[in-house]
Amino acid sequence: MTGLHEQRVKALEDLIADIPQMVSLRLEGLTAARHETAARIGIIDKPMAMMPREMRDVRGDITRQLVEQDTRLGAIDTRLEAILARLPGA
């Protein structure tokens, strides 16, 4: 019976001795996962930081396009009114 107790105590001692190594391995896995997540966020962070500038550029381009469109439509209206003024009965 004493041998059985000694075996059980030895098994518990071995298990307890392995705890620091198991905790260390677990922490290494968590640290690696955190580094991977941080790297992925870093990859996304730069394009996200550029997005407001790109949106501002798109807004400016659309504004310039609308101004040019209004100018052209105004010129077309002016020419159309001149054409209509020369037509008889208009």
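Reading guide: rules and limits
Residues numbered from 1 in each chain as written. Predicted model: local features only at pLDDT ≥ 70, side-chain atom pairs only at ≥ 80, totals over all residues. Heavy atoms only, no water. Helix = DSSP H or I, 4+ residues; strand = E, 2+ residues; numbered from the N terminus. Rg over C-alpha atoms; globule rule 2.2 N^0.38 Å. Expected span 1.5 Å × (residues − 1). Bend = angle between axes of the 7 residues up to and from the residue. Salt bridge = Lys/Arg side-chain N within 4 Å of Asp/Glu carboxyl O. Buried < 20%, exposed > 50% of the residue type's maximum accessible area, 1.4 Å probe, protein only. Patch = residues over 30% accessible without salt bridge, like charges linked within 9 Å, V, L, I, M, F, W, Y side chains within 5 Å. Areas by Shrake-Rupley, 256 points an atom, 1.4 Å probe, with all protein chains shown as cover.

1. Examining the overall build of the protein
Working step 1: Per the secondary structure count, the protein includes one helix and zero strands.
Working step 2: For 90 residues, the compact-globule estimate of 2.2 N^0.38 gives 12 Å, and the protein exceeds it by more than 25% at 38 Å.

2. Things to note about helix H1 (residues 2-86)
For an α-helix, the turn length of 3.6 residues means that residues three or four places apart are oriented alike.
Working step 1: With 85 residues, H1 extends 123 Å between its outermost C-alpha atoms, agreeing within 8% with the 126 Å of an ideal straight helix rising 1.5 Å per residue.
Working step 2: Bending of H1 peaks at approximately 35° at the position of Ile19, with proline Pro20 no more than four residues after it.

3. Here we look at the pattern of salt bridges
Here the idea is simple: oppositely charged side chains can pair when their charged atoms come close.
Working step 1: Taken as a whole, this structure holds three salt bridges when the rule is applied.
Working step 2: A salt bridge links Lys10 to Asp14, with the shortest nitrogen-to-oxygen separation between them at 3.1 Å. In this pair, Lys10 and Asp14 both sit in helix H1, four residues apart, roughly one turn of the helix.
Working step 3: Lys10 sits in the partly exposed class, given a relative accessible area of 46%.

4. Thoughts on the environment of Met22
Working step 1: For Met22, the position within the fold is in helix H1.
Working step 2: Take Met22: its relative accessible area is 46%, and that puts it in the partly exposed class.

5. Things to note about a nonpolar patch on the surface
Working step 1: Side chains of Leu12, Leu15, Ile16, Ile19, Met22, Val23, Leu27 and Leu30 sit close together on the surface and give an oily, nonpolar patch of about 750 Å² of accessible area.
Working step 2: Here Ile19 lies in helix H1.

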